[in-house]
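So the chains spell out like this:
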Amino acid sequence: MAQGNNSIKKILTVAFALCIVCSVIVSTAAVALRPMQQFNQELDRKTNILNVAQLYEPGTDVEETFREEITARVVDMRTGEYTEEFDPETFNHFEAARDPATGRTLSGDRDIAGLSRVENYATVYLVGDPDNPNQIVLPIRGQGLWGLMRGFLSVEGDGNTLISITYYEHSETPGLGAEVNNPRWQAQWEGKKIYDEEGDLTPEIHLAKGGASGEHEVDALSGATLTSNGVTNMVQFWLSPEGFGEYLAKFRSGISQEEAQEADVEIESEGA
């Protein structure tokens, strides 16, 4: 007897064929759209870097401005020196943090940003002359109230004066912790000092509840104590010797990175 159109076998066959066709369409679309997605991610990264460096306005040609104003370099955060071991255009510090060869485990008081692991190398973005930059843009991340927050921090070429902060990824509460992206709050960072005048590598910058009253203080986020604590912890972590502290110390000494590296080479040659 011939099977009817509503037989279980035919229904399953049609459903299976439909699943195969749909999966092929979705996979093809994903592969075809991947270059566009990667381009948009890269464009968003460059836009955020220009924004924190106060070089972005609506209508800005991001690619051209980034190419003309920004130089990317990879820094060994343990020594504060540049390294040629990695290409700054392709280096991924998130992957480096997971790799035992390029990252390290943190615990206890060393892990105030709540990262567990951190990279030994990171890409920094120099604004203007790379040997004597006007600004240094640093990638930062750390735990907020609801999850990991990722952003950029811009520091003047003196290695001690802040310009701005921005976050491109977070899950903080709208109207409370999410005010980290409020331009009025971000504007408070400009001109604040990271370290004290003694040259200590321990950063003094922090968010102050009840209003900022000094050169090392920024107003805490109203009603968002845990997010504010998270911002303080991640900023202090990345500006400490665990992060970019050694690197920024070279700028605070008044010696350019090129001069510092030449001096290190001379010392090594004399000791050989």
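Residues numbered from 1 in each chain as written. Predicted model: local features only at pLDDT ≥ 70, side-chain atom pairs only at ≥ 80, totals over all residues. Heavy atoms only, no water.

Chemist: I'm lost on the pairing of strand 8 (residues 162-169) in this one. Help?
Modeler: A regular strand places its side chains so that they alternate between the two faces of the sheet. Burial within strand 8 is extensive, with six of its eight residues counted as buried. Relative to strand 8, strand 7 (residues 148-156) is paired through six bridges, and the arrangement is antiparallel. Directly across from Ser-154, in strand 8, lies its bridge partner Ser-164. In this antiparallel pair of consecutive strands, strand 7 and strand 8, the connection spans five residues, and Gly-159 shows a positive phi of 75 degrees. (Buried < 20%, exposed > 50% of the residue type's maximum accessible area, 1.4 Å probe, protein only. Helix = DSSP H or I, 4+ residues; strand = E, 2+ residues; numbered from the N terminus. Pairing = 2+ DSSP bridges.)

Chemist: Can you walk me through the sheet that holds strand 6 (residues 135-143) in this structure?
Modeler: In a beta sheet, neighbouring strands are held together by backbone hydrogen bonds and run either parallel or antiparallel to one another. Reading across from one edge, 2-1-5-6-7-8 is the order of the six strands in this open sheet, with antiparallel pairing throughout. On the outer flanks of this sheet lie strand 2 (81-82) and strand 8, each paired with one strand and no other. Pairing analysis gives two bridges linking strand 1 (residues 70-76) to strand 2, with the strands arranged antiparallel. Paired with Asp-76 across the strands is Glu-81, a residue of strand 2. Contacting strand 1, strand 2, strand 5 (121-127) and strand 6, helix 6 (residues 245-252) crosses the sheet at an angle of about 155 degrees to strand 6. (Contact = heavy atoms within 4.5 Å. Axes fitted to C-alpha atoms, helices over the stretch in contact; angles between N-to-C directions.)

Chemist: How do you make sense of the nonpolar core when you look at a structure like this?
Modeler: A general tendency of soluble globular proteins is for nonpolar side chains to be buried together. Core analysis: the largest hydrophobic core is formed by 39 residues, its most contacted members being Trp-189 and Tyr-247. When residues of this core are traced back to their parent elements, those giving at least two are strand 5, strand 6, strand 7, strand 8, helix 5 (225-238) and helix 6. The element contributing the most residues to this core is helix 5, with five residues. In this structure, Ile-49, Ile-70, Val-137 and Phe-152 belong to the second largest nonpolar core, which totals twelve residues. (Core = buried A, V, L, I, M, F, W, Y, C linked by side-chain atoms within 4.5 Å.)

Chemist: Teacher, can you tell me more about a negative patch on the surface here?
Modeler: Taken together, the side chains of Glu-197, Glu-198, Asp-200, Glu-204 and Glu-215 present a region of like negative charge at the surface. Summarising the element assignment, Glu-197 is placed in the loop between helix 4 (183-186) and strand 9 (206-208). Glu-197 gets classed as exposed once you look at its relative accessible area, which sits at 76%. (Patch = residues over 30% accessible without salt bridge, like charges linked within 9 Å, V, L, I, M, F, W, Y side chains within 5 Å. Areas by Shrake-Rupley, 256 points an atom, 1.4 Å probe, with all protein chains shown as cover. Salt bridge = Lys/Arg side-chain N within 4 Å of Asp/Glu carboxyl O. Lys, Arg positive; Asp, Glu negative; His and termini not counted. Charge placed at Lys NZ, Arg CZ, Asp CG, Glu CD.)

Chemist: Before we go on, may I ask you to explain the pattern of salt bridges in this structure?
Modeler: Evaluation of the coordinates by the stated rule reveals nine salt bridges. Here Lys-46 and Glu-63 are joined by a salt bridge, their closest N and O atoms 2.9 Å apart. With Lys-46 in helix 1 (residues 8-52) and Glu-63 in helix 2 (residues 62-69), the pair connects residues that are 17 residues apart, well separated along the chain. For Lys-46, a relative accessible area of 11% gives the class buried. Close ionic contact of Glu-119 with Arg-141 constitutes a salt bridge, the shortest N to O distance being 2.7 Å. Of this pair, Glu-119 sits in strand 4 (residues 117-119) while Arg-141 sits in strand 6; the two residues are 22 residues apart in sequence, bridging distant segments of the chain. Just as Glu-119 is buried, Arg-141 falls in that class too.

Chemist: Please clarify how the side chain of Arg-150 should be interpreted in this entry.
Modeler: Residue placement: Arg-150 occurs in strand 7. Beyond its immediate sequence surroundings of up to four residues, Arg-150 is in contact with Phe-94, Ile-140, Arg-141, Tyr-167, Tyr-168 and Glu-169.

Chemist: Sorry, what's going on with the packing of aromatic side chains here?
Modeler: Two aromatic rings, taken as a pair, are described by how far apart their centres are and by the angle between their planes. Considering all chains together, one arrives at ten aromatic pairs under this definition. Measuring from centroid to centroid gives 6.3 Å for Phe-66 and Tyr-125, while their planes differ by 65 degrees, and the two rings are edge-to-face. Of this pair, Phe-66 sits in helix 2 while Tyr-125 sits in strand 5; the two residues are 59 residues apart in sequence, bridging distant segments of the chain. The pair formed by Phe-66 and Tyr-125 is uniform in burial state, with each residue classed as buried. Aromatic pair Tyr-82 and Tyr-247: ring centres 5.6 Å apart, planes at 65 degrees, arrangement edge-to-face. (Phe/Tyr/Trp six-rings, centres within 6.5 Å; stacked < 30°, edge-to-face > 60°.)

Chemist: Quick question: what am I supposed to make of a nonpolar patch on the surface here?
Modeler: On the surface, Ile-8, Ile-11 and Leu-12 cluster together into a nonpolar patch covering about 320 Å² of accessible area. Tracing the backbone through its elements, the reader meets Ile-8 in helix 1. Assessed through its relative accessible area of 61%, Ile-8 is described here as exposed.

Chemist: In this structure, what is going on with unusual backbone geometry? I would like to understand it.
Modeler: Excluding glycine, residues mostly carry a negative phi; peptide bonds, for their part, are mostly trans. Even without glycine at this site, Gln-54 takes up a positive phi of about 60 degrees. Examined against the element boundaries, Gln-54 turns out to sit in the loop between helix 1 and helix 2.

Chemist: Mind showing me how you'd approach the pairing of strand 7 here?
Modeler: Extensive coverage of strand 7 is indicated by the burial of seven of its nine residues. Where strand 6 and strand 7 come together, nine bridges link them in antiparallel fashion. Bridging from a neighbouring strand, Gln-135 pairs with Glu-156 of strand 7. Between strand 6 and strand 7, which follow one another and run antiparallel, lie four residues.

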